[in-house]
Structure formats: C-alpha cells, structure tokens
Amino acid sequence: MRLRTKLCLGIAILFFVLYLLGSSSAGQSYLVGTPSQDHWIRDDQYMGAGLAPIVYCLVPSLIMFLASVFLVVVDVRKARKADQSREFGP
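Residues numbered from 1 in each chain as written. Predicted model: local features only at pLDDT ≥ 70, side-chain atom pairs only at ≥ 80, totals over all residues. Heavy atoms only, no water.

## Re the overall build of the protein chain
So, step 1. In terms of regular secondary structure, the protein chain is built from 3 helices and 0 strands.
So, step 2. Across the protein chain, helices and strands are ordered from the amino to the carboxyl terminus as α-α-α.
So, step 3. Against the globule reference of 12 Å for 90 residues, the protein chain gives a C-alpha radius of gyration of 21 Å, more extended than a compact globule.
So, step 4. Based on the C-alpha atoms only, the size of the protein chain along its principal axes is roughly 80 × 20 × 15 Å.
So, step 5. Relative to its 90 residues, the protein chain shows a buried fraction of 19%.
So, step 6. Nonlocal contacts in the protein chain, meaning residues at least 24 apart in sequence, comprise 69% of its contacts between residues at least 6 apart.
So, step 7. Accessible surface, the protein chain as shown: approximately 7000 Å² in total, 69% of it carbon and sulfur. (Helix = DSSP H or I, 4+ residues; strand = E, 2+ residues; numbered from the N terminus. Rg over C-alpha atoms; globule rule 2.2 N^0.38 Å. Buried < 20%, exposed > 50% of the residue type's maximum accessible area, 1.4 Å probe, protein only. Contact = heavy atoms within 4.5 Å. Areas by Shrake-Rupley, 256 points an atom, 1.4 Å probe, with all protein chains shown as cover.)

Pasting the structure below:
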C-alpha cells in the first residue's frame, strides 16, 4: 500500500472512532450540554446531538473507507502492470 492509501484508511479509522465516542452515552451527554428548560430548544439539542456523530463522523468515515478501497485497487493494478512490464521488458 502506498502512503496515500494508508493515510486515507487512517483518517477513516479516526473518524469511525470519533463516531463511536460521539454515539456513546458519555458522548451524547457532552454533545447535549446543559438541557434547556424550553421543550423546543431541548428537542433541538437532543436531535442535534443524535445527528452530529452520524453527519460529521460516520459519513466521512464511510467515504474515506470507500476511497481507500478504491486506492488499494489502483495500487494493486499498478503493481501488476509493473510486474508484467518487468517480465516482458527489454
């Protein structure tokens, strides 16, 4: 694997760990903060705390993981092509 593939996979793992931390009960209580007395504001706080780990951590993690899979495929194809050119080289 090349450096870009490792970097992409590392970022995907980091975002996934952040998603797991944000979706835990401790992470949710941190994201909610101090609940408001108003029902509508409190509803917005809990909804935002529920969606934030998914939107800001899980989705980028999945995108980076798919990009790293694509880069692995590209790296394997380049390696095979280089091996074939060495085999039939001058």
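## Considerations on helix H1 (residues 3-23)
So, step 1. Look at H1: 30 Å from first C-alpha to last across 21 residues, which is about the 30 Å you get at 1.5 Å a residue.
So, step 2. When we look at burial in H1, the residues that qualify are Thr 5, Cys 8, Ala 12, Tyr 19 and Gly 22. The buried residues of H1 all sit within an arc of 120° when viewed along its axis, so they share a single face. Exposed side chains of H1 directed beyond 90 degrees from the buried face belong to Leu 3, Leu 7 and Leu 21. (Expected span 1.5 Å × (residues − 1). Arc of directions from axis to C-beta.)

## Considerations on the side chain of Ser 68
So, step 1. Note that Ser 68 resides in helix H3 (residues 39-87).
So, step 2. Take Ser 68: its relative accessible area is 3%, and that puts it in the buried class.
So, step 3. Here Phe 65 takes part through its backbone oxygen, which lies 2.7 Å from a polar atom of the side chain of Ser 68.
So, step 4. The residues touching Ser 68, leaving out its near neighbours within four places in the chain, are Thr 5, Cys 8 and Leu 9. (Polar contact = N/O pair within 3.5 Å; in protein donor to acceptor, adjacent residues only side chain to side chain.)

## Description of the packing of H1 against helix H2 (residues 25-32)
So, step 1. Axis separation between H1 and H2 bottoms out at 4 Å; the angle between their running directions is 80°. One finds that H1 runs roughly perpendicular with respect to H2. Note on element contacts: H2 touches H1 through Ser 25, Gly 27, Gln 28 and Leu 31, opposite Leu 21, Gly 22 and Ser 23. (Axes fitted to C-alpha atoms, helices over the stretch in contact; angles between N-to-C directions. Parallel < 35°, antiparallel > 145°, perpendicular 65-115°, else oblique.)

## As for the packing of aromatic side chains
So, step 1. Applying the stated rule across the entire model yields 1 aromatic pair.
So, step 2. Look at Phe 16 and Tyr 19: their rings are 6.0 Å apart centre to centre, the planes differ by 35°, and that puts the pair in the tilted class. Here Phe 16 and its partner Tyr 19 are both found in helix H1, 3 residues apart, which amounts to about one turn of the helix.
So, step 3. When its relative accessible area of 19% is taken as the criterion, Tyr 19 is described as buried. (Phe/Tyr/Trp six-rings, centres within 6.5 Å; stacked < 30°, edge-to-face > 60°.)

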